[in-house]
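Examination of the molecular architecture
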Amino acid sequence: MIAIVLVGGEGTRLRPLTYALPKPMLPVVERPMIARVLEWLASHGVTTAVLSLGYQPDAFVDAFPDGSFAGVELRYAVEPEPLDTAGAIRFAARAAEVDSETLVVVNGDVLTDLDLRSLVELHGSHGGEATIALTAVEDPSAYGVVPTDDAGRVLAFIEKPRREDAPTNRVNAGTYILDPSVLERIAPDRRVSIEREIFPELVEAKSLYALDSPAYWLDTGTPERYLQAQLDILRGRRAAAALPACTARSEGVYLAPGASLEGEVGGCVFVGRDATVEAGALVRDAVVGAAAHVAAGARVRHCVLLPGAMVRPGALVEESVVGPSAIVGEGAAVTGGSIVGAAALVLDGARLDSARLPV
Ligand code: GDD
Ligand code: MG
């Protein structure tokens, strides 16, 4: 099976982290998101993945220098300008010369254990041109909302409706099987959204089907969900073996090789390779990235510290993400969904609440 992985977006909701690294290259418990996506595809029989690139393409090419990962052959299609989701699929399929195949297409910022094979199976049985996976969410307004009939035929595709207008909480899980005929429907050389243009057209043609999946599913595109993706792994909510090499000190508390954990811990914690949590620090429900440092008297709760981040004595980091090699100064407070960008400095005693640095 051949998959196209959409990874060309700018990751605006995760700025400023995504100035330094494109979203799918951000680590989720020490492993880039895209590596987790490729491992999932490999485990369901995908042998070739075409990465549909636009924003910072070199980061991907550099990450996989030998052109393969997890046994999957990688091909790269770099858009000259963003073509939106359908435009990107068409461009990548043509560039990689796979446009006469039935294709798997996935959004590269989704972490899931959903069963790709059952989606392929359904696709082969209904005679329509496309099949999409659905997942149930609490608030469908951030997603493509997809009502179906009892036979699984899609009745409408409503991208990001107001919450009160959503007819169901079953949403597009960002995993599709597309026949080559779908590519013919996509206009060349302009931006085309699969969600806003092509899926509604397929609904009209009665040619779009969907399959509900109860499997683990998460779109990591916002700070809250990027954090949740990591805590879900530590809490054992993923079916697949998702933890990197580490030892478990107690339930939910993991230490990578070279990690030093002297401080107090609560909830689920991962302390990365060569990272340090000093005595007198408190770390609760957090990922402390490789070589990161939490000093005595600091408190880190419900957070991700990316590799090399430093939290100085007496600082508080709560419900936030601290970027690679960033520094949270002595006695500073970073709270309320804040994001500190790569190598940024939060001055001693400064307060950052629901804020981004740099903005
Ligand atoms: N190559 C390329 N070019 N990729 C793109 C472009 C583009 O112009 N625009 C977006 N992408 C990629 C992003 O990098 C991401 O991996 C994927 O397409 C989806 O874009 P998001 O920006 O993450 O979309 P979303 O999360 O708001 O909504 C989409 O995903 C939801 C499920 O996760 C939609 O498909 C929704 O319908 C869906 O429910
Ligand atoms: Mg997304």
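Residues numbered from 1 in each chain as written. Chains lettered and ligands numbered in written order. Predicted model: local features only at pLDDT ≥ 70, side-chain atom pairs only at ≥ 80, totals over all residues. Heavy atoms only, no water.

**Describing the domain arrangement of the chain**
Parsing the chain into structural domains produces domain 1 (2–219) and domain 2 (243–357). Measuring from the centre of the C-alpha atoms in domain 1 to the corresponding centre in domain 2 gives 32 Å. On the side of domain 2, 19 residues touch domain 1, which itself brings 12 residues to the contact. When residues of domain 1 are sorted by the area they lose upon contact with domain 2, Leu17, Val29 and Glu30 head the list and together hold 51% of the total. Linking domain 1 to domain 2 there are zero salt bridges. The residue makeup of the side of domain 1 that touches domain 2, split by class, is six nonpolar, one polar and five charged. (Domains from an automatic or database assignment. Contact = heavy atoms within 4.5 Å. Buried area = accessible area lost by both parts, 1.4 Å probe. Salt bridge = Lys/Arg side-chain N within 4 Å of Asp/Glu carboxyl O. Nonpolar A, V, L, I, M, F, W, Y, C, P; charged D, E, K, R; others polar.)

**Some words on the nonpolar core**
In terms of nonpolar packing, the biggest core is built from 57 residues, with Val5, Ile34, Leu41, Tyr226 and Leu234 touching the most fellow members. Two domains share this core, each providing at least three of its residues, namely domain 1 (2–219) and domain 2 (243–357). Excluding residues within four positions of it along the chain, Tyr226 makes contact with Leu14, Leu17, Leu26, Pro27, Val28, Met33, Thr220, Leu306 and Val321. Ranked by size, the runner-up nonpolar core spans 33 residues in total, among them Ala130, Leu178, Ile194 and Ile198. (Core = buried A, V, L, I, M, F, W, Y, C linked by side-chain atoms within 4.5 Å. Buried < 20%, exposed > 50% of the residue type's maximum accessible area, 1.4 Å probe, protein only.)

**Re the coordination of the magnesium ion (ligand 2)**
The protein atoms donating to the magnesium ion (ligand 2) are Asp109 (OD) and Asp219 (OD), with metal-donor distances spanning 2.1 to 2.2 Å. With Asp109 in the loop between β7 (103–107) and β8 (110–112) and Asp219 in strand β14 (residues 217–219), this residue pair connects regions lying 110 residues apart in the sequence. According to the relative accessible area criterion, Asp109 is buried, its value standing at 10%. Residue classification places Asp219 among the buried positions, given a relative accessible area of 10%. (Donors = N, O, S within 2.8 Å, 3.2 Å for Na, K, Ca; no water. Helix = DSSP H or I, 4+ residues; strand = E, 2+ residues; numbered from the N terminus.)

**Overview of the site of ligand 1**
The environment of ligand 1 is formed by 27 residues, the closest being Leu6, Glu79, Glu159, Glu195 and Asp219. Here a nitrogen atom of ligand 1 sits 2.8 Å away from a polar atom, N or O, in the side chain of Ser52. Interatomic distance of 3.4 Å between a backbone N/O atom of Leu83 and an oxygen atom of ligand 1. About the coverage of ligand 1: the protein hides 91% of its 740 Å² of free accessible area. Of all the cavities here, the one that holds ligand 1 is the largest pocket. Secondary structure elements with two or more residues in the shell around ligand 1: α4 (84–95), β12 (170–178) and β14. The dominant element in the shell around ligand 1, judged by the number of residues it contributes, is α4, at three residues. Classifying every residue of the shell around ligand 1 gives 10 nonpolar, eight polar and nine charged. (Near = heavy atom within 4 Å. Polar contact = N/O pair within 3.5 Å; in protein donor to acceptor, adjacent residues only side chain to side chain. Areas by Shrake-Rupley, 256 points an atom, 1.4 Å probe, with all protein chains shown as cover. 1 Å grid on protein atoms, 1.4 Å probe; cavity = no way out; pocket = protein on both sides within 12 Å on 5 of 7 lines; lining within 4 Å. Sits in = over half its atoms within 2 Å of the grid points.)

**Quick look at empty space enclosed by the protein**
Scanning the entire structure with this criterion turns up one cavity of 30 Å³ or more. There is about 60 Å³ of room inside the largest cavity. As for the largest cavity, its lining consists of Pro27, Val29, Glu30, Gln230, Val287, Gly289, Val304, Leu305, Leu306 and Pro307. Here the lining of the largest cavity is built from residues that sort into seven nonpolar, two polar and one charged. Both domain 1 (2–219) and domain 2 (243–357) contribute no fewer than three residues apiece to the lining of the largest cavity. (Points joined across faces, edges and corners; volume = space filled by probe spheres on them.)

**A closer look at helix α7 (residues 194–204)**
Residue pairs spaced three or four apart in an α-helix point in one direction, given the helix's 3.6 residues per turn. Buried within α7 are the following residues: Ile194, Glu195, Ile198, Phe199, Leu202 and Val203. Seen along its axis, α7 keeps its buried residues to an arc of 145°; they face one direction. The outward face of α7, more than 90 degrees from its buried face, is lined by the exposed residues Arg196 and Glu204. Looking at the packing, one finds that the buried side of α7 touches α4, β9 (130–136), β11 (158–159), β12, α6 (180–184) and β13 (208–212). Where α7 begins, one side-chain oxygen reaches toward the backbone nitrogen of Glu195, 3.2 Å away; that side chain belongs to Ser193. Positive phi shows up at Lys206, right after α7, with a value of about 55°. (Arc of directions from axis to C-beta.)

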